[in-house]
Amino acid sequence: MSATLLSVRDVHITFGGVRVLEGIDLDASRGEIRGLIGPNGAGKTTLLNIICGIHRPQKGDVLLDGISIVGRKPSEIARLGLGRTFQASQMFGGMTVLENLIIGLHRRTSSGLLSAGLKLKRHRREEAEMEEAARRALAFVGMSELAERPATALSFGQQRVVEIARTLIGDPMIVLLDEPAVGLSANRLTELDGLLRRIRDQKGVTLILIEHAIRLVMDICDQVTVLSSGRRIADGTPLAIRNDRGVIEAYLGKDLRARHQAS
Amino acid sequence: MTPFSRRNVLLALLAIAIAAPPFANFYHLFVANLVVIYVLLAIGLNILVGYAGQLAFANAAMFGIGAYATGLLQVQLGWSFWLAFPSGAFIAMAVGLAISLPALRLSGLYLALSTLAFAQATQWVFLHWESVTFGAGGFKTPPLSFAPLPITKPLGLYYLSLALSVGLFMFAQNLVASRVGRALVAVRDGEVAAESLGIDLLRYKALAFGVSGFYAGIAGGLYSALLNFVAPEGFDLFQMVLQKSMIVVGGLGSVAGAVLGAGIIIVLLEALRAFKGLQEIVFGGLLVIFVLFMRGGLVSVIKRHVRGWEEPLRLVQSTAAPAPEVIDTRPSVADR
């Protein structure tokens, strides 16, 4: 068992002639929170989509726990232990909050057509265990009282948290979070900060975090990778990134860099 | 506490369905049998369209395949009904599984069109493969006998249909309130998110097509025995519209809704049979009303006004049943 859990190696992808990612490398060690930042259009979400199997890179490889996952179906990669959340809400609208959480256990359960349709004993036991686990997960994120609500009745921020819990309940080794802080108030942001830390510290889950809320990134990430226009322009600790010339330029432009450094 | 819960209402309907036939005339029994057959069709179609969200138009064809297979295995190969009937259902299921393969690549309108094309092709085969299917004129099936049971054919077939419907209704109810049913709803509500949770789209779309094919195949076999006759026109586009309206009127994504929809549509069609022309008008008007004003169908209105009609997508354990109430009645944050 090596320390590196996820390894992206020299990934290239073009869409209709546009080079979206050019030779991206990214490593994530077990139990770390790795930030993935960069200006809009840098290719961050595309990189996540490649890792989780939605896009296939023209060149390069992605290893999860030493296994190459390029070319596998997203559902297969998910079953190997990779979870993800999305920029836009992806709650299942026809389900309650509790049911949304229970479905996060899909990859760890096995009831099929016949045992479910005939309500066999094994299936009933599995269902009971799933419900209990889902209620525990809701308690973990402090939302027990919302269990029976329709998923769509939650606020945007609440949906975010439930989505994270839904991904975590499947016990993944690694979770890709695509801008979890978008649209959250300052209070909610602090809660999210605490939640992500608890996920890493109590559950030992590796996190890859795309985020524009720089304060959150600098606060909780162990390592940060910076993309700009499809290239990796920096990689290191938050402190190193904060003082990196190239990063400041990419974010602020050359003029503002001078003011930033003066302040 | 909840005298008009779904369970109680459906049990009452079942009691009537069991007790009434000895007092019914031949025609009423025929209509009742038709309702029971359409209940099967509507449940199967609702699993595919209402739960899995696949807008497919092949159910009438699979109904026809079940009827033709059951009939032809008896007529052409001399099989007994009791062997031909289950075989027909499994053949329809296999066809359902086969058409799910292109369905993985297609969605929405394209899926609708390709399954419609499949249904038309099936019609064409029924019509033109005359050496096997007897063409446009159709064919008579051998008379069905329930001997040695002391029961007439209409009554025997009715109770057989009813027993199968009740069994397959319960199977469907268990299925949708399970890991499998939730996976189907997840595929309907968000394919990308479903995949990210490890749900294999192909597997669950194929499962939905296979289940609906099996239900339609069972219905087809019973239908061929009910009419003692099989012909292509029973399985045309109007048949598809009929089945779709049942799940729209009853309620998309509701097993109980499919039962109500099948009952209402068939009884209405029969009641209006005397007034030719009015049938289409009332039928079309009903569809427009439901599509415009009652999207969730009849069952959504019932759910809003009557307790005990909820259809959770999980198994509510009898011992754990009070649990949600415990949570509801806990003092809210403001009270503490």
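Here the structure is a predicted model, which means the values were calculated and not measured.

Undergrad: What am I meant to see in the overall build of chain A here?
TA: Of the regular secondary structure elements, chain A holds 10 helices and 10 strands. Compactness check: chain A gives a C-alpha radius of gyration of 20 Å against a globular reference of 18 Å for 263 residues, within 12% of the reference. For chain A, the spread of C-alpha atoms along the principal axes amounts to about 65 × 40 × 35 Å. Within chain A, contacts between residues at least 6 apart in sequence are counted, and of these 66% link residues at least 24 apart.

Undergrad: So what exactly am I meant to see when it comes to the sheet that holds strand S8 (residues 206–210) of chain A here?
TA: The strands making up a sheet associate through hydrogen bonds between their backbones, and the pairing can be parallel or antiparallel. All names here are of chain A. Across the sheet, which stays open at both edges, the six strands sit in the order S6-S7-S8-S3-S9-S10 with mixed pairing between neighbours. Across the chains shown, the open sheet's two edge strands, defined by having one partner strand only, are strand S6 (82–85) and strand S10 (231–236). With strand direction ignored, the average angle separating the axes of adjacent strands in the sheet is 15°. Where strand S9 (residues 223–228) and S10 come together, five bridges link them in antiparallel fashion. Residue pairing in the sheet places Ser-228 in a bridge with Arg-231 of S10. Against the sheet, helix H6 (residues 156–168) makes contact with S6 and strand S7 (174–178), and its axis sits at roughly 170° relative to S6, the strand it touches most.

Undergrad: Explain the domain arrangement of chain A to me, please; I cannot follow it from the model alone.
TA: The extent of an interface is frequently quoted as the accessible surface area lost upon association of the parts. All names here are of chain A. Taken domain by domain, chain A holds domain 1 (4–91 + 171–262) and domain 2 (93–153). Listed by partner, the interface residues are five residues for domain 1 and seven residues for domain 2. Of the residues in the side of domain 1 that touches domain 2, the class split is three nonpolar, no polar and two charged.

Undergrad: Would you explain helix H11 (residues 237–250) of chain B in this entry?
TA: Along an α-helix, residues three or four positions apart point the same way, because every turn accommodates 3.6 residues. The first and last C-alpha atoms of H11 of chain B sit 20 Å apart over 14 residues, in line with the 20 Å expected at 1.5 Å per residue. The complete set of buried residues in H11 of chain B reads Met-240, Gln-243, Lys-244, Ser-245, Met-246, Ile-247, Val-248, Val-249 and Gly-250 of chain B.

Undergrad: When you look at the confidence of the model for chain B in this model, what are you seeing that I'm missing?
TA: Should the pLDDT be low somewhere, the predicted coordinates at that spot are not to be read in detail. Residues and elements named next belong to chain B. Of the residues in chain B, 94% reach a pLDDT of 70 or more, and the chain-wide mean stands at 90. Averaged pLDDT values for the elements of chain B fall to 39 in helix H15 (residues 323–329) and rise to 97 in helix H3 (residues 59–75). Across residues 319–336, confidence stays below pLDDT 50; counting only partners more than four residues off in sequence or on other chains, it has six contacts. For this predicted complex, the interface confidence comes out at an ipTM of 0.90, alongside a pTM of 0.90.

Undergrad: I tried to follow the environment of Val-248 of chain B on my own but got confused; where do I start?
TA: Residue and element names in this part refer to chain B. For Val-248, the position within the fold is in helix H11. Linking Val-248 and Phe-290, residues 42 residues apart in sequence, is a C-alpha distance of 7.1 Å. The residues contacting Val-248, other than those within four sequence positions of it, are Leu-287, Phe-290, Val-291 and Gly-297.

Undergrad: What's the story with the pairing of strand S3 (residues 33–37) of chain A in this structure? I'm lost.
TA: Here is the key point about a regular strand: its side chains alternate between the two faces of the sheet. Residue and element names in this part refer to chain A. Buried residues dominate S3, accounting for five of its five residues. Side chains Ile-33, Gly-35 and Ile-37 of S3 all project onto a buried face; the interleaved residues Arg-34 and Leu-36 project onto the opposite face, where all are buried too. By the bridge criterion, four bridges tie S3 to S8 in an arrangement that is parallel. Residue pairing in the sheet places Ile-33 in a bridge with Leu-207 of S8. Sheet topology places S3 next to S9; four bridges connect them, and they run parallel.

Undergrad: Would you take a moment to explain the interface of chain B and chain A for this structure?
TA: Residue-level contacts link 30 residues of chain B with 36 residues of chain A. At the level of elements, helix H7 (153–176), helix H8 (179–189), helix H9 (191–196), helix H10 (201–227) and H15 of chain B are the ones that each hand at least two residues to the side of chain B that touches chain A. It is H8 of chain B that provides the largest number of residues to the side of chain B that touches chain A, a total of eight residues.

Undergrad: When you look at unusual backbone geometry in this model, what are you seeing that I'm missing?
TA: With the exception of glycine, most residues fall at negative phi, and the peptide bonds are largely trans. Going from Ala-147 of chain B to Pro-148 of chain B, the amide bond is cis rather than trans, its omega being 5°. Note on placement: Pro-148 of chain B falls in the loop between strand S1 (139–140) and H7. Phi is positive for Ser-229 of chain A, close to 50°, though the residue is something other than glycine. Turning to its location among the elements, Ser-229 of chain A is positioned in the loop between S9 and S10. Within the chain, Phe-134 of chain B stands out as a residue other than glycine whose phi angle is a positive 70°. By the secondary structure assignment, Phe-134 of chain B is in the loop between helix H6 (130–133) and S1.

Undergrad: Just to check I follow, could you spell out the environment of Leu-287 of chain B for this structure?
TA: All names here are of chain B. Structurally, Leu-287 is set in helix H13 (residues 278–293). Classification of Leu-287 by C-beta neighbours within 10 Å gives partly exposed; the count is 16. Setting aside residues no more than four positions away along its own chain, Leu-287 makes contact with Ser-245 and Val-248.

Undergrad: It is not clear to me how the sheet that holds strand S4 (residues 59–64) of chain A should be interpreted in this structure. Could you clarify?
TA: Residue and element names in this part refer to chain A. Spatially, the four strands line up as an open sheet ordered S2-S1-S4-S5, and their pairing is antiparallel. The open sheet has two free edges, formed respectively by strand S2 (18–29) and strand S5 (67–68), since each of these has just one partner strand. Relative to S5, S4 runs antiparallel, the two sharing two bridges. Across the sheet, Leu-63 pairs through a bridge with Ser-68, a residue of S5.

Here is what the cut-offs are and how they apply
Every chain is numbered on its own, with residues counted from 1 as its sequence reads. A letter from A marks each chain and a number from 1 marks each ligand, given out in the order of writing. Reporting in this predicted model follows two pLDDT cut-offs: at least 70 for local features of residues, and 80 or more for side-chain atom pairs to be given and counted; totals over whole chains, interfaces and linings ignore these cut-offs and use all residues. A run of DSSP states H or I qualifies as a helix once it reaches four residues; a run of E qualifies as a strand once it reaches two. Both are numbered from the N-terminal end. As a reference, a globule follows 2.2 Å times the number of residues to the power 0.38, and the radius of gyration itself is taken over C-alpha atoms. By the convention adopted here, residues are in contact when the distance between their C-beta atoms, placed from the backbone, does not exceed 7 Å. One bridge is not enough; two strands pair if DSSP finds at least two bridges between them. Geometry is summarised by axes, namely lines fitted to C-alpha atoms with helices restricted to the contacting stretch, and by angles between N-to-C directions that run from 0 to 180 degrees. Domain start and stop positions are those given by an automatic or database domain assignment. When residues are sorted by character, Ala, Val, Leu, Ile, Met, Phe, Trp, Tyr, Cys and Pro go into the nonpolar class, Asp, Glu, Lys and Arg into the charged class, and all the rest, Gly among them, into the polar class. In this scheme, a helix's expected span is set at 1.5 Å multiplied by one less than its residue total. Around each residue's C-beta, the other C-beta atoms within 10 Å are counted; 20 or more make the residue buried, 12 or fewer make it exposed, and counts in between make it partly exposed. All C-beta atoms are placed from the backbone. For every residue, the predictor states its confidence as a pLDDT score lying anywhere from 0 to 100.

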